[in-house]
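Examining the three-dimensional arrangement
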Amino acid sequence: MSNLTGPTPGLIIASVLFRHDIHSEEDILKTLELKFGPYVTFHHSYFPMREYYSKEMGESELLSRVFIAFHKPVQRDDLVEAKVWADQFEKGFLYAGKREINLDMGLLTLENLVLATGKNYSHRPYLGQGVFADLTLIMKNGQFQTTPWTYPDYSHPEVIDFFTWARQFLSH
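Residues numbered from 1 in each chain as written. Predicted model: local features only at pLDDT ≥ 70, side-chain atom pairs only at ≥ 80, totals over all residues. Heavy atoms only, no water.

**Considerations on the overall build of the chain**
- A count of helices and strands for the chain gives five helices and 10 strands.
- Radius of gyration (C-alpha) of the chain: 16 Å, near the 16 Å computed for a compact globule of 172 residues.
- Here the chain holds 172 residues, and 48% of them are scored as buried.
- Residue pairs in contact within the chain that sit at least 24 positions apart in sequence constitute 69% of those at least 6 positions apart.
- Element-wise, carbon and sulfur atoms account for 53% of the exposed surface of the chain, whose accessible area totals about 9,400 Å². (Helix = DSSP H or I, 4+ residues; strand = E, 2+ residues; numbered from the N terminus. Rg over C-alpha atoms; globule rule 2.2 N^0.38 Å. Buried < 20%, exposed > 50% of the residue type's maximum accessible area, 1.4 Å probe, protein only. Contact = heavy atoms within 4.5 Å. Areas by Shrake-Rupley, 256 points an atom, 1.4 Å probe, with all protein chains shown as cover.)

**Some words on the side chain of D104**
- In this structure, D104 sits in strand β6 (residues 101-108).
- There is no salt bridge for the buried D104, and the closest opposite charge comes from R65, which lies 4.7 Å off by N-O distance.
- One polar contact links D104 to N102, side chain to side chain, over a distance of 3.5 Å.
- Setting aside its immediate chain neighbours within four residues, D104 contacts I13, A14, S15, Y53 and Y154. (Lys, Arg positive; Asp, Glu negative; His and termini not counted. Salt bridge = Lys/Arg side-chain N within 4 Å of Asp/Glu carboxyl O. Polar contact = N/O pair within 3.5 Å; in protein donor to acceptor, adjacent residues only side chain to side chain.)

**Comments concerning the packing of helix α1 (residues 25-36) against helix α3 (residues 78-91)**
- Running from amino to carboxyl end, α1 crosses α3 at an angle of 150 degrees, the nearest separation of the two axes being 12 Å. Classified by the angle their axes make, α1 and α3 are roughly antiparallel. For the pair α1 and α3, the crossing hand works out as right-handed. Side by side, α1 and α3 meet where T31, L32, K35 and F36 of the first sit next to E81, A82, W85 and F89 of the second. (Axes fitted to C-alpha atoms, helices over the stretch in contact; angles between N-to-C directions. Parallel < 35°, antiparallel > 145°, perpendicular 65-115°, else oblique. Left-handed = near helix turned anticlockwise from the far one by under 90°.)

**Focus on the nonpolar core**
- Residues I12, V16, L32, I68, L103 and M105 are the most contacted members of the largest nonpolar core, which totals 25 residues.
- Secondary-structure elements contributing two or more residues to this core are β1 (11-19), α1, β3 (63-70), α3, β6, β7 (112-117) and β9 (131-140).
- Among the elements that make up this core, the one with the highest residue count is α3 (five residues).
- The residues touching V16, leaving out its near neighbours within four places in the chain, are I28, L32, S64, R65, V66, I68, I101, N102 and L103.
- The next biggest cluster of nonpolar side chains, apart from the first, holds 20 residues, and it includes M139, Y154, F163 and L170. (Core = buried A, V, L, I, M, F, W, Y, C linked by side-chain atoms within 4.5 Å.)

**Comments concerning α1**
- Here α1 is 12 residues long and its end C-alpha atoms lie 16 Å apart, about the 16 Å a rise of 1.5 Å per residue gives.
- All buried positions along α1 are accounted for by I28, L29, L32 and F36. End-on view of α1: buried residues confined to an arc of 95 degrees, all on one side of the axis. Of the exposed residues in α1, those oriented more than 90 degrees away from the buried face are E26 and L34. (Expected span 1.5 Å × (residues − 1). Arc of directions from axis to C-beta.)

Now the structure itself:
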């Protein structure tokens, strides 16, 4: 028999992809800070999904990306609310039915990084309100490891280092 207890808190993280010719990173970050609190950012040039997103969002050279980790630990089920909010935020910037901002939300814990998605798949458990969990990184032997389905953007060693570093906010 197990003792059912709540999990340790996690950190909301985000990946913001946006048209920098239309939107400023500063304005997007201000909005996110109002919703989720203080944050740190990480910019990285490795972006293998650029062409995929350019089909919807426009010319690839107009796309910018920033990874964000918010400082304040949250309850793990807050990920669902964050994803629902992000979905509405994105819809506020549709032009001719296409996104100008893509906001991917996740939850960073001591054990893993889980991204929130609205797309069902065999490895994605349902969380509620149309949100599924995509287990992206797993902590093993003191290091984050990728899964077979980890997106290439989240597989880069420097991106993994950023999320490993951001875990420090969970120990305060």
